[in-house]
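# Survey of secondary and tertiary structure
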Number of protein chains: 2
Amino acid sequence: MDDKLVKEIVDDLKLRQERADKPVPVGVSNRHVHFTKEDFKAVFGADAEPVLYRQLRQPGFYACNEMVTVEGPRGTIKNVRMIGPYRTYTQVEISVADSRVLGLEPPIRDSGKLENSPGIKITGPKGTITLKNGVILSKRHIHFHPKDAGVFKIKDGEHARVRCGAGTDRETIFERILCRVSEKFALELHLDVEEANAAGLKNDDAAYMV
Amino acid sequence: MDDKLVKEIVDDLKLRQERADKPVPVGVSNRHVHFTKEDFKAVFGADAEPVLYRQLRQPGFYACNEMVTVEGPRGTIKNVRMIGPYRTYTQVEISVADSRVLGLEPPIRDSGKLENSPGIKITGPKGTITLKNGVILSKRHIHFHPKDAGVFKIKDGEHARVRCGAGTDRETIFERILCRVSEKFALELHLDVEEANAAGLKNDDAAYMV
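Rules of the game
- Residues numbered from 1 in each chain as written.
- Chains lettered and ligands numbered in written order.
- Predicted model: local features only at pLDDT ≥ 70, side-chain atom pairs only at ≥ 80, totals over all residues.
- Heavy atoms only, no water.
- Core = buried A, V, L, I, M, F, W, Y, C linked by side-chain atoms within 4.5 Å.
- Buried < 20%, exposed > 50% of the residue type's maximum accessible area, 1.4 Å probe, protein only.
- Helix = DSSP H or I, 4+ residues; strand = E, 2+ residues; numbered from the N terminus.
- Contact = heavy atoms within 4.5 Å.
- Buried area = accessible area lost by both parts, 1.4 Å probe.
- Salt bridge = Lys/Arg side-chain N within 4 Å of Asp/Glu carboxyl O.
- Polar contact = N/O pair within 3.5 Å; in protein donor to acceptor, adjacent residues only side chain to side chain.
- Nonpolar A, V, L, I, M, F, W, Y, C, P; charged D, E, K, R; others polar.
- Pairing = 2+ DSSP bridges.
- Domains from an automatic or database assignment.

Among the nonpolar cores identified, the biggest contains 24 residues, and V33(A), F35(A), V68(A), V70(A), V92(A), I120(A) and I122(A) are the most heavily contacted of them. Sorting the residues of this core by element identifies α2 (37–44), β4 (62–71), β5 (76–84), β6 (91–94), α3 (96–102), β8 (120–124), β9 (127–131) and β10 (135–138) of chain A as the ones contributing at least two each. Of all the elements, β4(A) adds the most residues to this core, at four residues. Apart from residues lying up to four places away in sequence, V70(A) is in contact with G75(A), T76(A), I77(A), V80(A), V92(A), L102(A), I120(A), K121(A) and I122(A). Counting 23 residues, the second largest nonpolar core, distinct from the first, contains F35(B), V43(B), I122(B) and L137(B).

At the junction of the two partners, chain A supplies 26 residues and chain B supplies 26 residues. The contact between chain A and chain B buries some 2300 Å² in all, and 43% of this surface belongs to carbon and sulfur atoms. Applying the counting rule to chain A against chain B returns ten salt bridges. Ionic pairing is found between E195(A) and R170(B), a salt bridge with its closest N-O pair at 3.6 Å. Applying the counting rule to chain A against chain B returns 23 residue pairs in polar contact (both at pLDDT 80 or more). Put simply, the parts of the chain that give the side of chain A that touches chain B at least two residues each are α3, β10, β12 (159–164), β13 (172–181) and α5 (193–198) of chain A. Of the residues forming the side of chain A that touches chain B, the biggest block, five residues, is contributed by β13(A). For the side of chain A that touches chain B, the residue count by class is eight nonpolar, five polar and 13 charged. Where β13(A) lies against strand β13 (residues 172–181) of chain B, three bridges are found, and the strand directions are antiparallel. Paired with T172(A) across the strands is F174(B), a residue of β13(B).

Another point: the domain arrangement of chain A. When the parts of a complex come together, some accessible area is lost, and that lost area is often used as the size of the interface. All names here are of chain A. Structurally, chain A comprises domain 1 (28–138) and domain 2 (140–209). Distance from the C-alpha centre of domain 1 to the C-alpha centre of domain 2: 23 Å. With 14 residues of domain 1 in contact, the opposing surface of domain 2 contributes 20 residues. Counting the surface lost from both domain 1 and domain 2, the interface buries some 1400 Å², and carbon and sulfur atoms represent 44% of this. A per-residue breakdown of the area domain 1 buries against domain 2 is headed by V28, R57 and Q58, which together make up 47% of the total. Inspection of the domain 1/domain 2 interface yields three salt bridges. A salt bridge links R180 to D110, with the shortest nitrogen-to-oxygen separation between them at 3.5 Å. The interface formed by domain 1 and domain 2 contains ten residue pairs in polar contact (both at pLDDT 80 or more). For the side of domain 1 that touches domain 2, the secondary structure elements donating two or more residues are β1 (24–29) and α3. Of the residues that constitute the side of domain 1 that touches domain 2, the class distribution is five nonpolar, six polar and three charged.

Here it is, written out as C-alpha cells:
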C-alpha cells in the first residue's frame, strides 16, 4: 500500500480520536432578539436599559428581562426574549416552527448576515418598530476560544460534525457546523430548540466532534 | 492483510453503496392521536365515525377531520388531529416542545408500547376521557414493504442510520432508526416535526440509508 496514503489515514484517525476525547457543551437557543441601542430605545423607551436576567456561557452575553412581541404576515409570537448586550444590527432568531406561525421563510444564516432576510414588526411596552430585514434561522455553530481551537485543531470558518446523544434513541450527527474562533468566546455548540429536541439534548449536555 | 476481513469490509461497502442508491421518502408526523372505537365514541358521540381528511402514504392510514384538545398538568393543546383507522389502544404522539407545554415527560416509544407512559385528558365535541397512559414521543422508524426490505437487505427490528439534507446547512444523520417490515407498509421514514425541522426536511423529501 501507498505509505503516504496510510500516513494520511492514520493521522486522520488520530485527530478524530483526540477530538472525540473532549466534550463540547451544548447551548440551546430559544427564539430571541438582538437590538441596536436605537431600536431598543424605540420599543422600551428612551430611559430604559437592558436588565440582566441570566448570564450565558459566552462571556459578556446575557438573557435580559426585556421581552417583545413579534408579528409576521400570518401570526404573532409573544414573550420573545432579548439577548444583550446591544449589537450593531437588530436581528430576530427563530425556529422553523416559529417561521410557520409567523408566515415567514427566513434563511439559515450566521449571525449578522441579514441581506435578503425577511423583515418583521417588533412591539415592546413603549413602541413598535418594523424591520425591513433581520429574521433568520440560526446556522448551527461552535464557539471556540483559541486555546480550544488549538486542542481540536480547528481554524475559524471551518466546518465540523458532532455526534450528540450517543447510545440514546435520539442519537444524531449534525453535519456542516460552522466553527467560529475568537478570544471572546467560550467553547459551546449552539443549536436551536428543534435541533436540540431532535437529538434529545438539554443545555450543558455533551456533544462530541467526529 | 486478512482475506476474510477484506471481504467483510468490501461487502459492507457494497451494501452501503446499494442502499445509498435508493431514496427513502420522508413522512413528517405532526402531533396526533389514535383512538380505540370506544374512546372515539366517548369524545365524538355514539353515532360519529371518523371522516377522511387526507390519505397518508401508509396504505389504509388517513388523517381524519376529527380533532381534539389534549390537556396535561401544565397546559393544553388544541386541534390535535386523529389518524385513522381505529386501533386497539388510544395513543397521543407529541413532540418534545409539546411535552413542555403540557407538563409531561413522555418516553420515546415504538407505537403501541405504552407501559409507564404518562396519561392525558382528551376532549372532543361530545365528551372527555382521561387516559391513565398513552402519551409518547414517537421513536424514529422506517416502514418497509418486504420487497423494499429485500432491496435494502433489512430485517424487521433492525436499526439503521440515514443521511438527510445532504449538502444543505441542516445536513443531519439520524442514528438508531427502527426498521419495521410488513406486507401492510409502504417505504417511508417517519420523523416528528422537530426532527424534520432540525434537518430542514418536508414531506416527501428524500433520505438515504448510510
